[in-house]
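Examination of the molecular architecture
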Amino acid sequence: MLVLLGFAMIAVFMVLIMTKKLTPVLALIIVPTVFGLFAGAGLGIGDMVMDSMKSMTSTAALLMFAIIYFGLMIDVGLFDPLVKFILRKLGNDPAKVVLGTAVLAAAVSLDGDGSTTFILTTAAMLPVYLRLKMSPVVLTCVAGLANGTMNILPWGGPTARAATALKLDVNDVFVPMVPSLIVGLIVVLVFAWLLGLQERNRLRTTAPEIWGDVADPSDAFDGGTGRGGSVAAGSGSGSGFGAGRFGFGRNGSTSTSGKPGTTAVKPGTGGGSGVAVLEDPATLVDDHDTAMADTALDPNRTTLRPKLFWFNLGLTVAVMVVLVANIVPLPFVFMVGSAIALLVNFPKVKDQGAQLIAHAPSIVAVVSMVMAAAVLTGVLNGTGMVKAMSEWLVQIIPAEMGPFMAVITGLLSIPMTFFMSNDAFYFGVLPVLSETAAHYGVDAVDMARASITGQPFHLQSPLVPAILLLVSLAKVDLGDHHKKVLWRTAVISVVMLAVGVLTGAIGIG
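Residues numbered from 1 in each chain as written. Predicted model: local features only at pLDDT ≥ 70, side-chain atom pairs only at ≥ 80, totals over all residues. Heavy atoms only, no water.

**Focus on the overall build of the protein**
Tallying secondary structure elements over the protein gives 25 helices and three strands in all. Burial status across the protein gives 54% buried among its 509 residues. Long-range contacts, defined as pairs at least 24 residues apart, comprise 80% of the intrachain contacts of the protein with a sequence gap of at least 6. Carbon and sulfur atoms make up 67% of the accessible area of the protein, which totals about 20,700 Å². (Helix = DSSP H or I, 4+ residues; strand = E, 2+ residues; numbered from the N terminus. Buried < 20%, exposed > 50% of the residue type's maximum accessible area, 1.4 Å probe, protein only. Contact = heavy atoms within 4.5 Å. Areas by Shrake-Rupley, 256 points an atom, 1.4 Å probe, with all protein chains shown as cover.)

What follows is the structure, encoded as C-alpha coordinates:
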(Lines give C-alpha, C1' and ligand atoms only; values in the text may rest on other atoms or scores of the structure.)
Protein backbone atom coordinates (compact mmCIF):
# COMPACT_ATOMS: atom_id res chain seq x y z
CA MET A 1 0.00 0.00 0.00
CA LEU A 2 2.82 2.41 0.88
CA VAL A 3 4.58 1.56 -2.36
CA LEU A 4 1.46 2.31 -4.39
CA LEU A 5 0.81 5.55 -2.54
CA GLY A 6 4.42 6.64 -2.88
CA PHE A 7 4.60 6.20 -6.64
CA ALA A 8 1.11 7.65 -7.10
CA MET A 9 2.04 10.72 -5.06
CA ILE A 10 5.13 11.34 -7.15
CA ALA A 11 3.21 10.83 -10.42
CA VAL A 12 0.42 13.21 -9.40
CA PHE A 13 2.94 15.83 -8.28
CA MET A 14 4.84 15.74 -11.58
CA VAL A 15 1.69 15.84 -13.69
CA LEU A 16 0.30 18.83 -11.81
CA ILE A 17 3.42 20.98 -12.11
CA MET A 18 4.23 20.04 -15.70
CA THR A 19 0.68 20.72 -16.87
CA LYS A 20 0.63 23.90 -14.75
CA LYS A 21 -2.51 22.90 -12.88
CA LEU A 22 -0.76 23.97 -9.67
CA THR A 23 2.30 26.03 -8.89
CA PRO A 24 5.22 23.96 -7.55
CA VAL A 25 4.80 25.46 -4.07
CA LEU A 26 1.15 24.46 -3.84
CA ALA A 27 1.81 21.03 -5.33
CA LEU A 28 4.63 20.40 -2.84
CA ILE A 29 2.26 21.18 0.04
CA ILE A 30 -1.13 19.82 -1.04
CA VAL A 31 -0.20 16.56 -2.80
CA PRO A 32 2.01 15.09 -0.01
CA THR A 33 -0.49 16.19 2.65
CA VAL A 34 -3.37 14.35 0.94
CA PHE A 35 -1.34 11.21 0.30
CA GLY A 36 0.20 11.34 3.77
CA LEU A 37 -3.25 11.30 5.33
CA PHE A 38 -4.23 8.37 3.14
CA ALA A 39 -1.07 6.59 4.34
CA GLY A 40 -2.30 6.88 7.92
CA ALA A 41 -0.06 9.70 9.11
CA GLY A 42 -2.94 11.36 10.95
CA LEU A 43 -2.05 14.32 13.14
CA GLY A 44 1.54 13.07 13.23
CA ILE A 45 2.04 14.47 9.75
CA GLY A 46 2.79 17.86 11.31
CA ASP A 47 5.74 16.49 13.26
CA MET A 48 7.02 14.70 10.14
CA VAL A 49 7.03 17.94 8.19
CA MET A 50 8.58 20.02 10.98
CA ASP A 51 11.39 17.50 11.48
CA SER A 52 12.14 17.70 7.78
CA MET A 53 11.91 21.48 7.76
CA LYS A 54 14.57 21.80 10.45
CA SER A 55 17.12 20.43 8.01
CA MET A 56 15.99 22.97 5.39
CA THR A 57 16.44 26.17 7.40
CA SER A 58 20.14 26.64 6.69
CA THR A 59 19.53 26.04 3.00
CA ALA A 60 16.72 28.60 2.96
CA ALA A 61 18.99 31.14 4.67
CA LEU A 62 21.75 30.47 2.14
CA LEU A 63 19.47 30.97 -0.83
CA MET A 64 17.82 34.06 0.68
CA PHE A 65 21.03 35.96 1.28
CA ALA A 66 22.66 34.70 -1.92
CA ILE A 67 19.76 36.21 -3.87
CA ILE A 68 20.15 39.49 -1.99
CA TYR A 69 23.90 39.61 -2.52
CA PHE A 70 24.03 38.83 -6.23
CA GLY A 71 20.89 40.84 -6.94
CA LEU A 72 22.63 43.78 -5.30
CA MET A 73 25.79 43.21 -7.34
CA ILE A 74 23.73 43.28 -10.55
CA ASP A 75 22.02 46.48 -9.43
CA VAL A 76 25.27 48.31 -8.71
CA GLY A 77 26.76 47.32 -12.08
CA LEU A 78 29.38 44.72 -11.16
CA PHE A 79 28.44 42.41 -14.04
CA ASP A 80 27.90 45.02 -16.76
CA PRO A 81 31.51 44.81 -18.06
CA LEU A 82 31.27 41.00 -18.07
CA VAL A 83 28.12 41.10 -20.20
CA LYS A 84 29.83 43.41 -22.70
CA PHE A 85 32.84 41.09 -22.80
CA ILE A 86 30.63 38.06 -23.44
CA LEU A 87 28.83 39.87 -26.24
CA ARG A 88 32.15 40.73 -27.85
CA LYS A 89 33.31 37.10 -27.72
CA LEU A 90 30.04 35.33 -28.53
CA GLY A 91 28.44 38.01 -30.68
CA ASN A 92 24.71 37.73 -31.16
CA ASP A 93 24.53 34.16 -32.41
CA PRO A 94 22.14 32.23 -30.10
CA ALA A 95 23.93 28.95 -30.83
CA LYS A 96 27.24 30.37 -29.61
CA VAL A 97 25.61 31.97 -26.58
CA VAL A 98 23.99 28.70 -25.48
CA LEU A 99 27.22 26.79 -26.06
CA GLY A 100 29.07 29.42 -24.04
CA THR A 101 26.54 28.96 -21.25
CA ALA A 102 27.28 25.23 -21.11
CA VAL A 103 31.04 25.80 -21.02
CA LEU A 104 30.73 28.46 -18.30
CA ALA A 105 28.42 26.31 -16.14
CA ALA A 106 30.70 23.29 -16.47
CA ALA A 107 33.77 25.34 -15.56
CA VAL A 108 32.18 26.94 -12.51
CA SER A 109 30.84 23.52 -11.46
CA LEU A 110 34.42 22.52 -10.66
CA ASP A 111 33.92 24.05 -7.22
CA GLY A 112 31.38 21.31 -6.47
CA ASP A 113 28.63 23.65 -5.28
CA GLY A 114 25.47 23.84 -7.39
CA SER A 115 24.18 27.04 -5.84
CA THR A 116 27.39 28.94 -6.62
CA THR A 117 27.39 27.59 -10.16
CA PHE A 118 23.85 28.68 -10.86
CA ILE A 119 24.29 32.08 -9.25
CA LEU A 120 27.36 32.95 -11.31
CA THR A 121 26.06 31.45 -14.55
CA THR A 122 22.73 33.23 -14.25
CA ALA A 123 24.32 36.54 -13.27
CA ALA A 124 26.64 36.41 -16.27
CA MET A 125 24.34 34.97 -18.93
CA LEU A 126 20.74 35.96 -18.13
CA PRO A 127 21.25 39.61 -19.21
CA VAL A 128 22.70 38.33 -22.49
CA TYR A 129 19.66 36.08 -23.04
CA LEU A 130 17.32 38.98 -22.35
CA ARG A 131 19.44 41.21 -24.59
CA LEU A 132 19.01 38.78 -27.51
CA LYS A 133 15.36 37.91 -26.77
CA MET A 134 16.35 34.30 -26.04
CA SER A 135 14.34 32.01 -23.75
CA PRO A 136 15.62 31.85 -20.15
CA VAL A 137 14.37 28.23 -20.04
CA VAL A 138 17.22 27.34 -22.40
CA LEU A 139 19.64 28.90 -19.93
CA THR A 140 18.30 26.88 -16.98
CA CYS A 141 18.24 23.71 -19.09
CA VAL A 142 21.86 23.99 -20.23
CA ALA A 143 23.13 25.07 -16.81
CA GLY A 144 21.27 22.14 -15.23
CA LEU A 145 22.72 19.69 -17.74
CA ALA A 146 26.30 20.85 -17.20
CA ASN A 147 26.12 21.04 -13.42
CA GLY A 148 24.33 17.71 -13.10
CA THR A 149 26.96 15.96 -15.20
CA MET A 150 29.81 17.51 -13.21
CA ASN A 151 28.15 16.49 -9.93
CA ILE A 152 29.97 13.14 -9.94
CA LEU A 153 33.21 14.93 -9.01
CA PRO A 154 34.54 13.49 -5.71
CA TRP A 155 34.08 16.77 -3.85
CA GLY A 156 30.56 17.23 -5.24
CA GLY A 157 29.02 14.88 -2.69
CA PRO A 158 27.36 11.84 -4.34
CA THR A 159 30.61 10.02 -5.13
CA ALA A 160 31.84 10.52 -1.57
CA ARG A 161 28.49 9.27 -0.23
CA ALA A 162 28.60 6.15 -2.39
CA ALA A 163 32.17 5.40 -1.31
CA THR A 164 31.37 5.98 2.35
CA ALA A 165 28.22 3.87 2.30
CA LEU A 166 30.06 0.89 0.79
CA LYS A 167 33.35 1.50 2.67
CA LEU A 168 35.41 2.18 -0.44
CA ASP A 169 38.15 4.65 -1.37
CA VAL A 170 36.61 7.59 -3.20
CA ASN A 171 39.38 7.63 -5.83
CA ASP A 172 38.68 3.98 -6.65
CA VAL A 173 35.10 4.96 -7.37
CA PHE A 174 35.72 8.16 -9.35
CA VAL A 175 38.88 7.72 -11.45
CA PRO A 176 37.58 4.87 -13.66
CA MET A 177 34.47 6.99 -14.32
CA VAL A 178 36.45 9.85 -15.90
CA PRO A 179 35.75 8.58 -19.46
CA SER A 180 32.02 8.58 -18.63
CA LEU A 181 32.31 12.13 -17.35
CA ILE A 182 34.09 13.30 -20.49
CA VAL A 183 31.55 11.69 -22.82
CA GLY A 184 28.73 13.06 -20.68
CA LEU A 185 30.12 16.58 -21.08
CA ILE A 186 30.39 16.09 -24.84
CA VAL A 187 26.71 15.14 -24.92
CA VAL A 188 25.93 18.27 -22.89
CA LEU A 189 27.74 20.42 -25.46
CA VAL A 190 25.88 18.72 -28.30
CA PHE A 191 22.54 19.37 -26.59
CA ALA A 192 23.60 22.99 -25.99
CA TRP A 193 24.48 23.53 -29.64
CA LEU A 194 21.19 21.99 -30.82
CA LEU A 195 19.22 24.13 -28.37
CA GLY A 196 21.10 27.16 -29.65
CA LEU A 197 20.17 26.30 -33.24
CA GLN A 198 16.53 25.94 -32.17
CA GLU A 199 16.66 29.37 -30.56
CA ARG A 200 18.22 30.82 -33.70
CA ASN A 201 15.38 29.42 -35.83
CA ARG A 202 12.72 30.45 -33.31
CA LEU A 203 13.92 34.03 -33.26
CA ARG A 204 13.94 34.16 -37.05
CA THR A 205 10.31 32.96 -37.08
CA THR A 206 8.88 34.89 -34.14
CA ALA A 207 10.78 38.15 -34.61
CA PRO A 208 11.08 38.82 -38.37
CA GLU A 209 11.72 42.50 -37.66
CA ILE A 210 14.95 41.38 -35.98
CA TRP A 211 16.06 38.45 -38.08
CA GLY A 212 14.41 39.27 -41.37
CA ASP A 213 13.82 36.95 -44.33
CA VAL A 214 16.93 34.81 -44.29
CA ALA A 215 17.18 31.77 -46.52
CA ASP A 216 19.38 29.82 -44.13
CA PRO A 217 19.57 30.73 -40.42
CA SER A 218 23.28 30.03 -40.37
CA ASP A 219 23.81 32.52 -43.17
CA ALA A 220 22.70 35.30 -40.87
CA PHE A 221 26.02 34.95 -39.08
CA ASP A 222 28.43 34.36 -41.97
CA GLY A 223 29.45 37.95 -42.51
CA GLY A 224 28.58 37.94 -46.23
CA THR A 225 27.42 40.98 -48.18
CA GLY A 226 24.55 41.48 -50.59
CA ARG A 227 24.53 41.80 -54.34
CA GLY A 228 22.51 44.86 -55.04
CA GLY A 229 22.75 47.06 -51.99
CA SER A 230 22.80 47.19 -48.22
CA VAL A 231 20.17 48.27 -45.74
CA ALA A 232 21.15 50.40 -42.77
CA ALA A 233 18.80 50.33 -39.81
CA GLY A 234 18.61 52.55 -36.77
CA SER A 235 19.17 51.17 -33.35
CA GLY A 236 15.53 51.52 -32.34
CA SER A 237 14.50 52.49 -28.87
CA GLY A 238 13.07 50.98 -25.70
CA SER A 239 14.10 47.79 -23.97
CA GLY A 240 15.46 44.76 -25.73
CA PHE A 241 15.11 44.50 -29.51
CA GLY A 242 12.47 46.55 -31.22
CA ALA A 243 11.26 47.06 -34.78
CA GLY A 244 13.99 48.56 -36.86
CA ARG A 245 16.70 47.05 -34.69
CA PHE A 246 18.05 45.25 -37.74
CA GLY A 247 17.30 45.68 -41.42
CA PHE A 248 17.32 42.61 -43.64
CA GLY A 249 16.72 41.91 -47.31
CA ARG A 250 17.50 39.23 -49.79
CA ASN A 251 19.74 41.50 -51.78
CA GLY A 252 21.46 43.43 -49.07
CA SER A 253 23.59 43.38 -45.99
CA THR A 254 22.97 45.10 -42.69
CA SER A 255 24.74 47.98 -41.03
CA THR A 256 23.79 50.30 -38.20
CA SER A 257 23.51 54.03 -38.62
CA GLY A 258 23.41 54.77 -34.94
CA LYS A 259 20.32 56.96 -35.29
CA PRO A 260 17.18 55.65 -33.61
CA GLY A 261 14.33 54.88 -35.93
CA THR A 262 16.07 55.77 -39.21
CA THR A 263 16.60 53.64 -42.30
CA ALA A 264 18.88 54.36 -45.22
CA VAL A 265 19.81 52.55 -48.42
CA LYS A 266 23.41 52.54 -49.55
CA PRO A 267 24.94 51.63 -52.90
CA GLY A 268 25.61 47.94 -53.42
CA THR A 269 28.98 46.50 -52.72
CA GLY A 270 28.74 43.91 -55.42
CA GLY A 271 29.40 40.21 -55.14
CA GLY A 272 28.58 38.26 -51.99
CA SER A 273 26.04 35.61 -51.17
CA GLY A 274 22.93 37.74 -51.54
CA VAL A 275 21.96 36.84 -47.95
CA ALA A 276 21.52 39.44 -45.25
CA VAL A 277 23.81 39.41 -42.24
CA LEU A 278 23.51 40.57 -38.67
CA GLU A 279 25.45 43.54 -37.51
CA ASP A 280 28.95 43.10 -36.15
CA PRO A 281 29.21 41.93 -32.52
CA ALA A 282 31.25 45.01 -31.68
CA THR A 283 28.32 47.16 -32.82
CA LEU A 284 26.06 45.26 -30.45
CA VAL A 285 28.36 46.08 -27.59
CA ASP A 286 28.61 49.72 -28.57
CA ASP A 287 24.81 49.90 -28.76
CA HIS A 288 24.47 48.03 -25.48
CA ASP A 289 23.17 51.04 -23.57
CA THR A 290 20.19 51.71 -25.83
CA ALA A 291 19.14 48.05 -26.07
CA MET A 292 19.24 47.51 -22.31
CA ALA A 293 17.08 50.50 -21.38
CA ASP A 294 14.37 49.64 -18.85
CA THR A 295 15.96 46.27 -18.04
CA ALA A 296 18.04 44.96 -15.13
CA LEU A 297 21.11 46.33 -16.93
CA ASP A 298 19.68 49.75 -17.74
CA PRO A 299 22.77 51.99 -18.02
CA ASN A 300 20.83 54.86 -16.44
CA ARG A 301 19.55 53.00 -13.39
CA THR A 302 19.92 54.94 -10.17
CA THR A 303 21.49 52.00 -8.33
CA LEU A 304 24.71 52.05 -10.37
CA ARG A 305 27.87 52.56 -8.31
CA PRO A 306 30.74 52.82 -10.85
CA LYS A 307 33.11 54.39 -8.31
CA LEU A 308 32.71 51.31 -6.10
CA PHE A 309 33.34 48.78 -8.88
CA TRP A 310 36.70 47.60 -7.57
CA PHE A 311 35.43 47.38 -4.00
CA ASN A 312 32.45 45.28 -5.11
CA LEU A 313 34.67 43.08 -7.24
CA GLY A 314 37.08 42.54 -4.34
CA LEU A 315 34.22 41.76 -1.99
CA THR A 316 32.74 39.25 -4.42
CA VAL A 317 36.09 37.54 -4.94
CA ALA A 318 36.52 37.33 -1.17
CA VAL A 319 33.06 35.80 -0.78
CA MET A 320 33.84 33.20 -3.47
CA VAL A 321 37.18 32.33 -1.89
CA VAL A 322 35.56 31.78 1.50
CA LEU A 323 32.84 29.70 -0.14
CA VAL A 324 35.34 27.40 -1.84
CA ALA A 325 37.55 27.19 1.27
CA ASN A 326 34.45 26.20 3.28
CA ILE A 327 35.91 27.62 6.48
CA VAL A 328 32.63 29.03 7.80
CA PRO A 329 29.00 28.04 7.10
CA LEU A 330 27.86 29.22 3.68
CA PRO A 331 24.69 31.01 4.87
CA PHE A 332 26.78 33.14 7.22
CA VAL A 333 29.17 34.05 4.38
CA PHE A 334 26.34 35.51 2.33
CA MET A 335 24.78 37.17 5.36
CA VAL A 336 27.98 39.07 6.10
CA GLY A 337 28.65 39.76 2.41
CA SER A 338 25.15 41.16 1.90
CA ALA A 339 25.42 43.34 5.00
CA ILE A 340 28.77 44.82 3.92
CA ALA A 341 27.60 45.36 0.35
CA LEU A 342 24.43 47.12 1.48
CA LEU A 343 26.26 49.29 4.00
CA VAL A 344 28.93 50.48 1.57
CA ASN A 345 26.83 50.86 -1.57
CA PHE A 346 23.72 52.23 0.13
CA PRO A 347 24.71 54.00 3.36
CA LYS A 348 21.24 55.52 3.81
CA VAL A 349 18.79 53.36 5.76
CA LYS A 350 15.98 54.21 3.35
CA ASP A 351 17.99 52.96 0.36
CA GLN A 352 18.95 49.77 2.19
CA GLY A 353 15.30 49.01 2.85
CA ALA A 354 14.42 49.74 -0.78
CA GLN A 355 17.04 47.26 -1.97
CA LEU A 356 15.70 44.50 0.28
CA ILE A 357 12.17 45.16 -0.92
CA ALA A 358 13.32 45.15 -4.55
CA HIS A 359 14.55 41.57 -4.25
CA ALA A 360 11.70 40.35 -2.05
CA PRO A 361 9.75 38.64 -4.89
CA SER A 362 12.72 36.42 -5.79
CA ILE A 363 13.38 35.63 -2.14
CA VAL A 364 9.78 34.66 -1.41
CA ALA A 365 9.63 32.47 -4.53
CA VAL A 366 12.67 30.36 -3.73
CA VAL A 367 12.44 30.22 0.08
CA SER A 368 8.77 29.25 -0.01
CA MET A 369 9.60 26.44 -2.42
CA VAL A 370 12.38 25.14 -0.17
CA MET A 371 10.07 25.11 2.83
CA ALA A 372 7.29 23.49 0.80
CA ALA A 373 9.71 20.76 -0.29
CA ALA A 374 10.00 19.83 3.40
CA VAL A 375 6.39 18.62 3.23
CA LEU A 376 7.21 16.16 0.45
CA THR A 377 10.40 14.84 2.05
CA GLY A 378 8.76 14.71 5.49
CA VAL A 379 5.85 12.61 4.25
CA LEU A 380 8.07 10.33 2.15
CA ASN A 381 10.35 9.56 5.08
CA GLY A 382 7.91 9.84 7.97
CA THR A 383 5.32 7.46 6.54
CA GLY A 384 7.95 4.95 5.46
CA MET A 385 7.13 5.35 1.76
CA VAL A 386 10.78 5.71 0.73
CA LYS A 387 11.84 2.55 2.57
CA ALA A 388 8.87 0.56 1.24
CA MET A 389 9.50 1.71 -2.35
CA SER A 390 13.21 0.81 -2.24
CA GLU A 391 12.56 -2.62 -0.69
CA TRP A 392 9.89 -3.34 -3.30
CA LEU A 393 12.26 -2.47 -6.13
CA VAL A 394 14.88 -4.85 -4.74
CA GLN A 395 12.36 -7.67 -4.40
CA ILE A 396 11.00 -7.45 -7.94
CA ILE A 397 14.41 -7.86 -9.59
CA PRO A 398 14.42 -11.39 -11.12
CA ALA A 399 17.19 -13.75 -10.03
CA GLU A 400 18.42 -14.13 -13.62
CA MET A 401 19.08 -10.40 -13.67
CA GLY A 402 21.41 -10.70 -10.69
CA PRO A 403 24.66 -10.45 -12.69
CA PHE A 404 23.41 -7.16 -14.13
CA MET A 405 22.77 -5.60 -10.74
CA ALA A 406 25.27 -2.80 -11.37
CA VAL A 407 23.50 -1.78 -14.59
CA ILE A 408 20.11 -2.09 -12.89
CA THR A 409 21.37 0.10 -10.04
CA GLY A 410 22.52 2.73 -12.52
CA LEU A 411 19.09 2.78 -14.16
CA LEU A 412 17.31 2.85 -10.80
CA SER A 413 19.46 5.75 -9.64
CA ILE A 414 17.90 7.96 -12.31
CA PRO A 415 14.35 8.07 -10.91
CA MET A 416 15.17 7.19 -7.30
CA THR A 417 17.63 10.02 -6.69
CA PHE A 418 15.10 12.39 -8.27
CA PHE A 419 12.43 11.58 -5.69
CA MET A 420 14.60 11.16 -2.64
CA SER A 421 17.66 12.83 -1.21
CA ASN A 422 21.14 11.57 -2.02
CA ASP A 423 21.56 10.63 1.63
CA ALA A 424 18.43 8.47 1.52
CA PHE A 425 19.53 6.71 -1.65
CA TYR A 426 23.21 6.20 -0.95
CA PHE A 427 22.94 5.34 2.73
CA GLY A 428 19.56 3.61 2.65
CA VAL A 429 19.05 1.96 -0.74
CA LEU A 430 22.53 1.40 -2.19
CA PRO A 431 23.81 -0.86 0.63
CA VAL A 432 20.76 -3.13 0.18
CA LEU A 433 21.29 -3.30 -3.58
CA SER A 434 25.01 -3.92 -3.12
CA GLU A 435 24.41 -6.74 -0.65
CA THR A 436 22.06 -8.38 -3.14
CA ALA A 437 24.56 -7.92 -5.97
CA ALA A 438 27.34 -9.58 -3.96
CA HIS A 439 25.47 -12.88 -4.21
CA TYR A 440 25.87 -12.70 -7.99
CA GLY A 441 29.55 -11.79 -7.99
CA VAL A 442 29.13 -8.06 -8.59
CA ASP A 443 31.73 -6.03 -6.68
CA ALA A 444 30.72 -3.18 -4.41
CA VAL A 445 32.92 -0.73 -6.34
CA ASP A 446 30.99 -1.49 -9.54
CA MET A 447 27.75 -0.76 -7.71
CA ALA A 448 29.13 2.52 -6.38
CA ARG A 449 30.25 3.68 -9.84
CA ALA A 450 26.92 2.77 -11.41
CA SER A 451 24.98 4.53 -8.68
CA ILE A 452 26.45 7.97 -9.48
CA THR A 453 25.42 7.94 -13.16
CA GLY A 454 21.94 9.17 -12.23
CA GLN A 455 23.25 12.49 -10.92
CA PRO A 456 22.46 14.57 -14.04
CA PHE A 457 18.79 13.64 -13.52
CA HIS A 458 18.97 14.02 -9.74
CA LEU A 459 20.09 17.65 -9.94
CA GLN A 460 16.79 18.63 -11.57
CA SER A 461 14.72 17.41 -8.60
CA PRO A 462 12.51 19.91 -6.77
CA LEU A 463 14.09 18.49 -3.62
CA VAL A 464 17.44 20.00 -4.66
CA PRO A 465 17.62 23.60 -3.38
CA ALA A 466 20.13 24.65 -6.03
CA ILE A 467 17.71 23.96 -8.88
CA LEU A 468 15.03 25.97 -7.11
CA LEU A 469 17.49 28.83 -6.90
CA LEU A 470 18.29 28.52 -10.60
CA VAL A 471 14.69 28.71 -11.81
CA SER A 472 13.96 31.51 -9.35
CA LEU A 473 16.88 33.68 -10.48
CA ALA A 474 16.01 33.11 -14.14
CA LYS A 475 12.28 33.64 -13.41
CA VAL A 476 11.46 30.32 -15.08
CA ASP A 477 8.58 28.00 -14.18
CA LEU A 478 9.83 24.71 -12.73
CA GLY A 479 7.43 22.75 -14.94
CA ASP A 480 8.77 24.46 -18.08
CA HIS A 481 12.31 23.68 -16.95
CA HIS A 482 11.43 20.01 -16.38
CA LYS A 483 9.78 19.63 -19.77
CA LYS A 484 12.95 20.76 -21.50
CA VAL A 485 15.61 19.25 -19.27
CA LEU A 486 14.41 15.89 -17.91
CA TRP A 487 14.60 13.75 -21.03
CA ARG A 488 17.97 15.23 -21.90
CA THR A 489 19.40 14.48 -18.47
CA ALA A 490 18.00 10.94 -18.71
CA VAL A 491 19.88 10.51 -22.00
CA ILE A 492 23.10 11.79 -20.44
CA SER A 493 22.75 9.45 -17.45
CA VAL A 494 22.17 6.43 -19.70
CA VAL A 495 25.12 7.40 -21.91
CA MET A 496 27.41 7.72 -18.88
CA LEU A 497 26.24 4.33 -17.65
CA ALA A 498 26.82 2.76 -21.06
CA VAL A 499 30.33 4.23 -21.32
CA GLY A 500 31.09 2.90 -17.84
CA VAL A 501 30.07 -0.60 -18.93
CA LEU A 502 32.00 -0.40 -22.22
CA THR A 503 35.19 0.78 -20.53
CA GLY A 504 34.91 -1.87 -17.81
CA ALA A 505 34.46 0.67 -15.01
CA ILE A 506 31.05 -0.87 -14.31
CA GLY A 507 31.37 -4.64 -14.35
CA ILE A 508 28.84 -7.39 -14.91
CA GLY A 509 28.91 -10.41 -12.59
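**Description of the environment of Lys-484**
Summarising the element assignment, Lys-484 is placed in helix α25 (residues 478-502). A relative accessible area of 23% means that Lys-484 is categorised as partly exposed. As for Lys-484 and Val-138, which are separated by 346 residues in sequence, their C-alpha atoms are 7.9 Å apart. When near neighbours in sequence (up to four residues on either side) are disregarded, Lys-484 contacts Val-137, Val-138, Cys-141 and Leu-195.

**Focus: helix α4 (residues 57-75)**
For α4, which comprises 19 residues, the first-to-last C-alpha distance of 27 Å matches the rise-based estimate of 27 Å (1.5 Å per residue) to within 8%. The element α4 is extensively covered by neighbouring structure, given that 15 of its 19 residues are classed as buried. Following α4 by one or two positions, Gly-77 adopts a phi angle in the positive range, close to 95°. (Expected span 1.5 Å × (residues − 1).)

**A few points about the packing of helix α7 (residues 114-131) against helix α24 (residues 465-473)**
Geometrically, a packed helix pair is captured by the angle between its two axes and the distance between the axes. The contact between α7 and α24 brings their axes to 9 Å, and the two run at 15°. Relative to α24, α7 is oriented roughly parallel. By crossing handedness, the relation of α7 to α24 is classed as right-handed. The segment α7 lies against α24, with Gly-114, Ser-115, Phe-118, Ile-119, Thr-122 and Leu-126 engaging Ala-466, Ile-467, Leu-469, Leu-470 and Leu-473. Here the residues of the contact of α7 with α24 sort into eight nonpolar, three polar and no charged. (Axes fitted to C-alpha atoms, helices over the stretch in contact; angles between N-to-C directions. Parallel < 35°, antiparallel > 145°, perpendicular 65-115°, else oblique. Left-handed = near helix turned anticlockwise from the far one by under 90°. Nonpolar A, V, L, I, M, F, W, Y, C, P; charged D, E, K, R; others polar.)

**Digging into the nonpolar core**
Counting 136 residues, the largest nonpolar core has Met-9, Tyr-69, Met-73, Val-98, Tyr-129, Phe-334 and Met-447 as its most contacted members. With twelve residues, the top contributor of residues to this core is helix α18 (residues 360-382). What Val-98 contacts, discounting residues up to four positions off in sequence, is Tyr-129, Met-134, Val-138, Val-142, Ala-192, Leu-195 and Gly-196. (Core = buried A, V, L, I, M, F, W, Y, C linked by side-chain atoms within 4.5 Å.)

**Considering the side chain of Thr-159**
Tracing the backbone shows Thr-159 in helix α9 (residues 158-165). For Thr-159, a relative accessible area of 0% puts it in the buried group. Excluding anything up to four places from it in sequence, Thr-159 contacts Ile-152, Leu-153, Pro-154, Val-170, Val-173, Phe-174 and Ile-452.

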